Amino acid sequence: MTEPRKLYVRSFGCQMNVYDAQRMTDTLAGHGYVETDTADDADLVILNTCHIREKAAEKVYSELGRLRKSQEEAGRRQMVAVAGCVAQAEGAEILKRARSVDLVVGPQSYHKLPELIAQAEARGSNRRAGIVETEFPVEDKFDFLPPPSRAAIAKRGPTAFVTVQEGCDKFCTFCVVPYTRGAEVSRPVARILDEVIRLADGGVREVTLIGQNVNGYHGVDAGGRDVGLAELVRRVAQIPGIARVRYTTSHPRDMDDDLIAAHRDMPALMPYLHLPVQSGSNRILAAMNRRHDRELFFAIVEKVRAARPDIAFSSDFIVGFPGETDEDFADTMDLVEKVGFAGAFSFKYSSRPGTPAASMDGQVPEDVKSARIHALQALLDRQKAAFDAACRGRRFEILLEKPGRFPGQLIGRSPYLQSVVVEAPVEAIGTLALVDVREVSTKSLSGDIIGGEFFAGNVGEKRSARQSEKVEA
Ligand code: SAH
Ligand code: SF4
Ligand code: F3S
């Protein structure tokens, strides 16, 4: 038998890339590759890249430079592939800028990795002839991707991402995703359910259904019926073993009443909703082609809160979009004040080649962007700290995910994705524990386990009757 070859995949960017990296690893596992934790001892290095902002896109070149240097120092040759959204956006340009790259493969073509690697190997050290595969293929990559092995599922822990929808048709004027990922496509319901059944069988308890515009999901089920995200969530939550469901990223325009009702009716749907708004100014929202105004956003927040009173929101913001005035920015601050977020990502607008906003008048100077992002982040940080502080004394169900820093500790996640440190044995990983939150710090919560699936017999009278019902249901 030939020795297994070592594979190192590094992902940048969003959850779709994390998922894709796992599927690349699963694909190559069938061709004799085993995963390794460092680039240094890998035979094949895949950089799974992100093009969303200039800084993210440039990271790949610094990483390629570093790789090249360590290869030279060690006097060894590794095969290097650039995958993901920079691969799609820049294609052959990458080969010109970084000669150490053997292979460039876009996000819709990575099911072809084994044959592309074989082609690259056949070309040997003739690096001028690097391979580029960035067509959007007619076939669906998902039809060709092998499922993960049980060992791979177990290694990845009790939470998993599942891509249910790819691409985006929204064309926000600042955004590269419609170009790098292509048109919006929803995977068929049966395929998704099969994938989740397999994950649950391997010990997964929480799935996050992902897509760039996930609440635009419309897949067909076995009976040829059109199924929206709310119905998909319901079906996923019924799979034995699955205790929690999340979805991300959603667009305000696609928060329909059925999905809002799912937040009311389904305890397994976690009460934490990432709903990017980008700006609080109607003028800027229109220029961004977001297809909604601030009033619609407020209305959705209100409806979701009415359906699920313990819901918390997170969001994405861009400051310094072309034409953004002090007044527009004040509208964003005002929206944040009015809604109150438990978490958020905020970015300075980054001009992206080929997008409509890149050639708009009124590009905002860097120092103005910096001042605005500081003010916005200070406000969002205060809101997050206040939300976390208010969790002291609350009782949460925590999914125990992994060992903590010190022996005897585990780290789990609250319904709001906060890290929670508890004392528990490693055997409890993958179970739900009922935790009274005692301490809150900037990075995590900590608390005492008072019951739960693993601890049912161990904590005697403290165990809550409600909890035991839930666990058995
Ligand atoms: N599909 C999601 C987000 C995709 S990208 C949505 O519609 O909200 C993730 C985030 O990156 C975006 O929400 C936006 O806040 C940010 N982003 C995208 N393009 C950007 C750009 N050109 N400059 C700065 N931030 C950007
Ligand atoms: Fe980009 Fe807009 Fe699509 Fe989100 S909805 S991926 S921001 S184009
Ligand atoms: Fe980045 Fe592509 Fe995701 S551009 S954010 S990796 S879809």
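Model, not experiment: these values are computed from the prediction.

### Some details on unusual backbone geometry
Of note, the bond from Thr248 into Thr249 is cis; its omega dihedral lies within 30 degrees of zero at 0°. The phi dihedral of Gln278 falls on the positive side, at around 75°, and the residue is not glycine. Positive phi, close to 65°, is recorded for Arg291, a residue that is not glycine. In this structure Arg291 comes out as partly exposed when scored by relative accessible area, which is 39%.

### Looking at the sheet that holds strand S17 (residues 395-403)
If you walk around this closed barrel you meet the 5 strands as S17-S18-S19-S21-S20, and the pairing is mixed. The mean inter-strand angle of the sheet, taken between neighbouring strand axes irrespective of direction, is 55°. Pairing of strand S20 (residues 432-440) with strand S21 (residues 444-452) involves 7 bridges; the strand directions are antiparallel. Paired with Val435 across the strands is Ile449, a residue of S21.

### Points about the packing of aromatic side chains
This model, assessed by the stated rule, comprises 9 aromatic pairs. Measuring from centroid to centroid gives 5.7 Å for Phe396 and Tyr416, while their planes differ by 65°, and the two rings are edge-to-face. With Phe396 in strand S17 and Tyr416 in the loop between strand S18 (409-413) and strand S19 (419-423), this pair connects stretches of sequence that are 20 residues apart. Tyr416 matches Phe396 in its accessibility class, with the two residues each being buried. A connected cluster of aromatic rings, assembled from ring pairs, spans Tyr272, Phe387, Phe396 and Tyr416. Over the face of the ring belonging to Phe347 we find Arg53, whose NZ or CZ atom lies 3.6 Å from the ring centre. One residue, Arg97, lies across the ring of Tyr61, its end atom 3.6 Å from the ring centre.

### Some points on the domain arrangement of the protein chain
Put simply, an interface is often sized by how much accessible area is lost when its parts join up. Entries for the protein chain in the domain assignment read domain 1 (5-133), domain 2 (141-390) and domain 3 (395-466). Between domain 1 and domain 2, the C-alpha centre-to-centre distance is 27 Å. Listed per partner, the contact involves 25 residues of domain 1 and 32 residues of domain 2. For the pair domain 1 and domain 2, the two sides together bury roughly 2600 Å², of which 56% comes from carbon and sulfur. Linking domain 1 with domain 2 are 4 salt bridges, by the criterion used here. A salt bridge links Arg181 to Asp20; the nearest nitrogen and oxygen atoms lie 2.9 Å apart.

### Concerning the sheet that holds strand S6 (residues 131-133)
Ordered in space as S2-S1-S3-S4-S5-S6, the 6 strands form an open sheet in which the pairing is parallel. Unpaired on one side and paired on the other, strand S2 (33-35) and S6 mark the two borders of the sheet. Strand after strand, the sheet turns through a mean of 20° between neighbouring axes, direction not considered. Here strand S5 (residues 103-105) pairs with S6 via 3 bridges, running parallel. Residue pairing in the sheet places Leu103 in a bridge with Ile131 of S6. Sheet strands touched by helix H1 (residues 15-29): strand S1 (5-11), S2, strand S3 (44-49) and strand S4 (79-83). Its angle to S3, the strand with the most contacts, is close to 155°.

### Here we look at helix H8 (residues 189-201)
Over its 13 residues, H8 runs 18 Å from end to end, which matches the ideal 18 Å to within 8%, given 1.5 Å per residue. Residues of H8 that are buried include every one of Val189, Ile192, Leu193, Glu195, Val196, Leu199 and Ala200, and no others. Each buried residue of H8 sits inside an arc of 160° when the element is viewed along its axis, so together they form one side. Of the residues flanking the end of H8, it is Gly203, one or two places downstream, whose phi is positive at about 110°.

Rules and cut-offs
- Residues numbered from 1 in each chain as written.
- Chains lettered and ligands numbered in written order.
- Predicted model: local features only at pLDDT ≥ 70, side-chain atom pairs only at ≥ 80, totals over all residues.
- Heavy atoms only, no water.
- Buried < 20%, exposed > 50% of the residue type's maximum accessible area, 1.4 Å probe, protein only.
- Pairing = 2+ DSSP bridges.
- Helix = DSSP H or I, 4+ residues; strand = E, 2+ residues; numbered from the N terminus.
- Axes fitted to C-alpha atoms, helices over the stretch in contact; angles between N-to-C directions.
- Phe/Tyr/Trp six-rings, centres within 6.5 Å; stacked < 30°, edge-to-face > 60°.
- Lys NZ or Arg CZ within 6 Å of the ring centre and 35° of its normal.
- Domains from an automatic or database assignment.
- Contact = heavy atoms within 4.5 Å.
- Buried area = accessible area lost by both parts, 1.4 Å probe.
- Salt bridge = Lys/Arg side-chain N within 4 Å of Asp/Glu carboxyl O.
- Expected span 1.5 Å × (residues − 1).
- Arc of directions from axis to C-beta.

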